[in-house]
Amino acid sequence: MIITLPPRTGSQPLDIDTTGMRHMVIIGANGSGKTRFANRIAADLGRHSFRLSALKALYSHDKEDPSENSIDTLYHRAVAGASLLRPDLSGEFERLIGLMVNEEMLSLIQYKYAGDTGDSCELPPTRLDNVMRQWQKVFPGNRVLVESGRMLFSRDTGSDPYSPSKLSDGEKTVLYYLGAVTYAPEDATILVDSPEMFLHPSSTASLWNSIESLRPDCTFIYVTHDLQFASSRGEGCTIWVKNCDYARGEWDYDLLTSADGISDDVFLAILGARKPVLFIEGDGVHSIDAKLYPLIFDDYTVKSLGGCDRVIESTRTFNSLRSFHNLNAFGIVDRDRRDEGEVAYLRNKQVFVPDVAEIENIFMLEPVIRTMARLNHRNPDEAFAKVKHNIMHLFETDLRQQALQHTRHRIKKGVEHRIDGRFANIRQLESHIRNLAEELNPLALYESLCREFRRYVHEGDYESVLRVYNRKTMLSESHVARHCGLRRDDKDTYINTIINILSHNRPGSDAIRSAIRSTFSLTPPARTDAK
């Protein structure tokens, strides 16, 4: 679908092709004109748009949405038709519940009538069934039932049921969004105003992932001033609305694609966010780092910066300016061939290094492999044993080359460190360089590393092998996908399956997330805010 953005200052409206795009984010400060910006988009889309606002649904009972597809309009149509709906329901939240219960009752009547006439009829799942199923995923242990034409809730099997009016604002908001999106027209553009409102920051990203999965045919546009929420919608397009000329009907805004990430200007707004910042390697779109780390460290604002040097420098710079803001900055870089001294130095600078050589090795952690095998009904012991055997064999075959690469890295670092000394004249520098080979003794270092690596193989020390083994083809050559029961035995299938499990908080996500977190010393930040 083509979405037309409002005119930019001194320019014409801009058409955006949303094919393959799940969502867009409109972000801007209070008073920047972002709501009017969204209203203009909705007006241009006409009947293909669908507006959602939890604030309006819960509290603005005197303001109805007259648009063709709104919950208010659908309610009035149902009341005017053959329905069991009360005509005096007020507010979008109450009317939404009324619509769902009305459909449920009519479905039951139709089922009973078909049974009385002798027709073969199987009761199909209703809209309310689907909403209740999603609700109970968000709030495990809560029950939902329909009784005498009313929707009732209970927190456990022993408590008395209560009406939706007794729900907290957060619970009402979740119920509203889960139910309302099911009424959006097919292939609609769903515009959500302040999607983070009434929701706890720790659950907002996973909730909207679930809501989006209910309507894969639709494109979601989120209107927010919350950088914390905007950063959770990593893929897609971000529109930064800076200002609006109401008289001319023009906006000053920048269009940021997912390839750009969040610009430096927008990133300044992170200084007002509640979460600490986590700088990572990668390009922000295609890198595994950008796909994985936001799902593991969802209590941080994660930003991709490219190379490791920029991650280290940005973390240092950000923390050196702490007097100007109230956030901590942290970094994550691959271990590669860094020794314990280098790792300790970086950790002291709040740059953390995993206990594996590179990010691909994270997917080879024993708990991750066991979890994936279990989810695919394979024996975890057998699956891990086969993968471990393959990895140890690969490492043994590659041992001398790996030792050579580690030796080269350490000698290079040793030369850089020793060449920085002060010398009175060129003769001293020349003499110092001549003695470097003897001082660093690369042969002795190489032989020591070979002995260490052979010990890993002899003792079956899988964790140590993952810590030192750099081999990009490891995932494919170990056949980990096949041994874990996946249909396709390739690296991308295995990684994408894990990413999918984490992004939708599916069974196994907690175990995988915990295993990956354990490879870092980076702990969840203390919460100082409440929402």
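No experiment lies behind these values; they were computed from the predicted model shown.

Participant: So what about the nonpolar core? Which residues, and what values?
Facilitator: Among the nonpolar cores identified, the biggest contains 62 residues, and Leu292 and Tyr494 are the most heavily contacted of them. With 7 residues, the single largest contributor to this core is helix α15 (residues 380-397). Excluding anything up to four places from it in sequence, Tyr494 contacts Phe363, Val368, Ile369, Met372, Leu475, Val480, Ala481, Cys484 and Leu486. One finds Ile71, Val131, Met132 and Tyr176 within the second-largest nonpolar core, a separate group that totals 50 residues.

Participant: Help me get a handle on the pattern of salt bridges, residues and values and all.
Facilitator: Evaluation of the coordinates by the stated rule reveals 24 salt bridges. Between Lys56 and Asp72 there is a salt bridge, with its nearest N and O atoms 3.5 Å apart. Of this pair, Lys56 sits in helix α2 (residues 54-59) while Asp72 sits in helix α3 (residues 71-80), placing them 16 residues apart in sequence. The buried category is assigned to Asp72, whose relative accessible area is 3%. Notably, a salt bridge pairs Glu358 with Lys472, separated by 3.4 Å at the nearest N-O pair.

Participant: Which residues make up the packing of aromatic side chains, and what values go with them?
Facilitator: Summed over the entire model, instances satisfying the criterion amount to 22 aromatic pairs. Look at Tyr177 and Trp208: their rings are 4.6 Å apart centre to centre, the planes differ by 55°, and that puts the pair in the tilted class. Of the two residues, Tyr177 is situated in helix α6 (residues 169-180) and Trp208 in helix α7 (residues 201-214); the sequence distance between them amounts to 31 residues. Exposure class is identical for Tyr177 and Trp208. Each is buried. Ring geometry for Phe297 and Tyr300: centres 6.2 Å apart, planes at 85°, overall edge-to-face. Among the aromatic side chains, those forming a connected cluster through ring pairs are Tyr176, Tyr177, Trp208, Phe220, Tyr222 and Phe229. The ring of Tyr183 has Arg127 sitting right over it, with the charged end atom 3.7 Å from the ring centre.

Participant: I'd like a description of the packing of α6 against α7, backed by residues and values.
Facilitator: Packing of α6 against α7 brings their axes to within 9 Å, and their N-to-C directions diverge by 20°. On the basis of the axis angle, α6 is roughly parallel to α7. Note that α6 runs across α7; the crossing there is right-handed. Residues Val174, Tyr177 and Leu178 of α6 pack against Leu207, Trp208, Ile211 and Leu214 of α7. Considering only residue class, the contact of α6 with α7 consists of 7 nonpolar, no polar and no charged.

Participant: Explain the confidence of the model for the protein to me, and be specific about the residues and the numbers.
Facilitator: Averaged over all residues, the pLDDT of the protein equals 84, while 87% of them reach at least 70. Taken as a whole, residues 258-266 scores under 50 in pLDDT and shows 19 contacts with residues more than four places along the chain or in a different chain. Segment residues 527-531: pLDDT under 50, and 10 contacts once partners within four positions in sequence are set aside and those in other chains are kept.

What counts, and where the lines are drawn
- Residues numbered from 1 in each chain as written.
- Predicted model: local features only at pLDDT ≥ 70, side-chain atom pairs only at ≥ 80, totals over all residues.
- Heavy atoms only, no water.
- Core = buried A, V, L, I, M, F, W, Y, C linked by side-chain atoms within 4.5 Å.
- Buried < 20%, exposed > 50% of the residue type's maximum accessible area, 1.4 Å probe, protein only.
- Helix = DSSP H or I, 4+ residues; strand = E, 2+ residues; numbered from the N terminus.
- Contact = heavy atoms within 4.5 Å.
- Salt bridge = Lys/Arg side-chain N within 4 Å of Asp/Glu carboxyl O.
- Phe/Tyr/Trp six-rings, centres within 6.5 Å; stacked < 30°, edge-to-face > 60°.
- Lys NZ or Arg CZ within 6 Å of the ring centre and 35° of its normal.
- Axes fitted to C-alpha atoms, helices over the stretch in contact; angles between N-to-C directions.
- Parallel < 35°, antiparallel > 145°, perpendicular 65-115°, else oblique.
- Left-handed = near helix turned anticlockwise from the far one by under 90°.
- Nonpolar A, V, L, I, M, F, W, Y, C, P; charged D, E, K, R; others polar.
- pLDDT = per-residue confidence, 0-100.

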